[in-house]
Amino acid sequence: MILVTGGAGFIGSNFVLDWLANGNEAVVNLDKLTYAGNLDTLSSLKDNPKHIFIHGDIGDRELMARLLSTHRPRAIINFAAESHVDRSIHGPSDFIQTNVVGTFNLLESTRAYWNDLPEVDKTAFRFLHISTDEVYGTLDAHDAPFCESNRYEPNSPYSASKAASDHLVRAWHHTYGLPVLTTNCSNNYGPYHFPEKLIPLVILNALAGKPLPIYGDGQQVRDWLFVKDHCSAIRRVLEAGQLGETYNVGGWNEKTNLDVVHTICTLLDELRPRADGKGYAEQITYVTDRPGHDRRYAIDARKLEHHLGWKPAETFETGIRKTVQWYLDNQDWTHHVTSGQYREWTAKHYGA
Ligand code: NAD
C-alpha cells in the first residue's frame, strides 16, 4: 500500500491511474479537493477496491495519524500543493499554508509514524516529495540547463514556497534520518490538465473561438515533459533512488511559449479545422507580461538517466499530438471542469 497526497490534481491523478494500470498495489489517495482537485478524473476507479480516496488536508495531524496507522503505507508520495504561479502572485497565503506549513506538518506526521515502524519496515519506507524546476530561478539564453547542484533562487511566491518545502524535506532527512527522496521536474502537460495552464487553455480557447493569450513577447522558454513520463520517472525514483538524493526530471524539450502555441494551432488546423477555413493562429493575442516572469527554465536530467536508467517515452512532438487529440476526444471532461459540474459529481459520489 502506498499513500499519495494531492492525487485528485493533474499529475497526482495521472500517477494514480498509471500506478493501478501498472501493478496490484493499492493506493490511499488523500486530497483536500481545492479548485484544482477533480475526482471526475478518477471516475474509472470508483468501484476499484485498490483506490481508497480520503478527503482531507496534509496539514491535519489528527487525520494523518489515523490514516497512517490504519493503512500502514510503505511509501508516501507528496503531490499536494498549490501549483499555479499566477494565483500565487495574486494571493500567496494559501501557498505558504499548504506548500510550507502543510509539508512541515506532513513531515512531522510521517516522522511519528516512521519512528514506530518495526525495523524492517522502517528501512524499506520512503517519503518521495514532488517538486519543480522553478526553485532554481531563471536562466539566460546561453546558460547550461539546471542540474541538481544548482543554487536555489526562486522568484515567485509559488517557487519560493516549493523551495521552502524542499529544504524542509532535506532537513528531515539530515536531522531525523527520515528516508526521503525529492524530484524536481520541468513543466508537465497531457490529459486532465486544469484549463488555467497554458497548453489546455490554448486548446480550449482555440476551439471556443476565443483569444489565445500570450504573455509579453512569448519568448519565455519552458522545458516540457509529457505527464506519463513524469509518472514513470517517479515510479523509478521510488524504486531505486538513493536516500536523501534529489533527481531532476525533464525531457530535453525547450520551447518558447510562442512556439508551443503555434504548434497547437497547427495541430488543430489539421485535426479540427476552423469552419471559416482560417488558421487558429489568427486568434493569438499578446497580453501584459506576468510580473517577475522567469525567462527560461531547462532541466539537465542526466543524473536520473544515467544512475537510474530512466528515459521519457515521448518527444514533445508525439506528446503534444496525443494531448491535443485527448482534449478533442474528452470534451465532456473539460466541459465539466469549466462549468463546475465536477463539483456536483464529487458531492454525489464521495460526499466531499
Ligand atoms: P494541481 O494543482 O493540479 O494539483 C494539486 C492537488 O493537491 C489538487 O488535487 C489539490 O486539491 C490538492 N491539494 C492542495 N492543497 C492540499 C492540501 N493542503 N492537502 C491535501 N491536498 C491538497 O498540481 P499539479 O500540477 O498536479 O502538481 C502536483 C505537484 O507537482 C505539485 O507539488 C507541483 O508543485 C509539482 N510540479 C508540477 C509541475 C507542473 O507542470 N504541473 C511541474 C513540476 C512539479
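All residue numbers refer to positions counted from 1 along the written sequence of the respective chain. Given that the model is predicted, a residue must reach a pLDDT of at least 70 before its local features are reported, and side-chain atom pairs must reach 80 or more before they are shown or counted; all residues, however, enter totals for whole chains, interfaces and linings. As a convention, hydrogens and water are excluded, and side-chain values are obtained from all of the structure's heavy atoms.

The name that an unreviewed UniProt entry assigns to the protein is dTDP-glucose 4,6-dehydratase, with the source organism given as Hydromonas duriensis. UniProt positions are given in the numbering used here, feature names are shortened, and annotations may be inferred rather than shown by experiment. As stated in UniProt under Catalytic activity (unreviewed entry), the record for the protein gives "dTDP-alpha-D-glucose = dTDP-4-dehydro-6-deoxy-alpha-D-glucose + H2O". According to the UniProt record, the Sequence similarities (unreviewed entry) comment for the protein reads "Belongs to the NAD(P)-dependent epimerase/dehydratase family. dTDP-glucose dehydratase subfamily."

Engineer: Describe the site of the ligand, with residues and values.
Structural biologist: A cutoff of 4 Å decides nearness: a residue is near a molecule or strand if any of its heavy atoms lies inside that distance of it. Lining the immediate surroundings of the ligand are 28 residues, of which I11, D31, S83, Y158 and K162 lie closest. Here a polar contact is taken to be a pair of N or O atoms separated by no more than 3.5 Å, where protein atoms must pair a possible hydrogen donor with a possible acceptor and residues adjacent in sequence count only if both atoms sit in side chains. Taking K32, its main chain carries an N or O atom lying 3.1 Å from a nitrogen atom of the ligand. K162 places a side-chain nitrogen or oxygen 2.6 Å from an oxygen atom of the ligand. Per-residue accessibility takes into account occlusion by the displayed protein chains alone, with areas from the Shrake-Rupley method and a 1.4 Å probe. Alone, the ligand offers 840 Å² of accessible surface; in the complex the protein occludes 96% of this. Of all the elements in the fold, those that place two or more residues in the shell around the ligand are α1 (10-22), β5 (126-132), α6 (157-176) and β7 (187-189). For the purposes of this entry, the term helix denotes a DSSP run of H or I that reaches at least four residues, the term strand denotes a run of E that reaches at least two, and both are numbered from the N terminus. With three residues, β5 is the single largest residue contributor to the shell around the ligand.

Engineer: I'd like a description of the UniProt feature "domain: NAD(P)-binding" (unreviewed entry) in the protein, backed by residues and values.
Structural biologist: Here the UniProt-annotated "domain: NAD(P)-binding" (unreviewed entry) positions come out as residues 3-323. In residues 3-323, helix accounts for 41% and strand for 17%; the two terminal C-alpha atoms are 28 Å from one another.

Engineer: A description of the packing of aromatic side chains should follow, citing residues and the corresponding values.
Structural biologist: Any pair of Phe, Tyr and Trp rings, taking the six-membered ring for Trp, is counted once the centres come within 6.5 Å. Such a pair is stacked with planes under 30 degrees apart, edge-to-face with planes over 60 apart, and tilted for the rest. Evaluated as defined, the whole model comprises 18 aromatic pairs. When the ring of F15 is compared with that of F79, the centres are 5.4 Å apart and the planes differ by 45°; the resulting orientation is tilted. With F15 in helix α1 and F79 in the loop between β4 (75-78) and α3 (85-90), this pair connects stretches of sequence that are 64 residues apart. With relative accessibility at 11%, the residue F79 sits in the buried group. Through a chain of ring-to-ring contacts, three or more aromatic side chains come together here, namely Y136, F146, Y152 and Y297. Counted as over-ring charges are cases with an Arg CZ or a Lys NZ within 6 Å of the ring centre that also lie within 35 degrees of the ring normal. Directly above the ring of Y35 sits R87, whose terminal nitrogen or CZ lies 3.5 Å from the centroid. The cationic tip of K122 hangs over the ring face of W114; the distance from NZ or CZ to the ring centre is 4.8 Å. Each residue gets one of three labels from its accessible area relative to the maximum for its type: buried under 20%, exposed over 50%, partly exposed in between, using a 1.4 Å probe on protein chains only.

Engineer: Please provide a residue-by-residue account of the environment of Y192, values included.
Structural biologist: Take Y192: it is sitting in the loop between β7 and α7 (198-207). The spatial distance from the C-alpha of Y192 to the C-alpha of S13 is 8.2 Å, given a sequence separation of 179 residues. Not counting the four nearest positions on each side in its chain, Y192 is found in contact with F10, N14, L17, T41, W326, Y327 and W333. Here, two residues are considered to be in contact whenever any of their heavy atoms come within 4.5 Å of each other.

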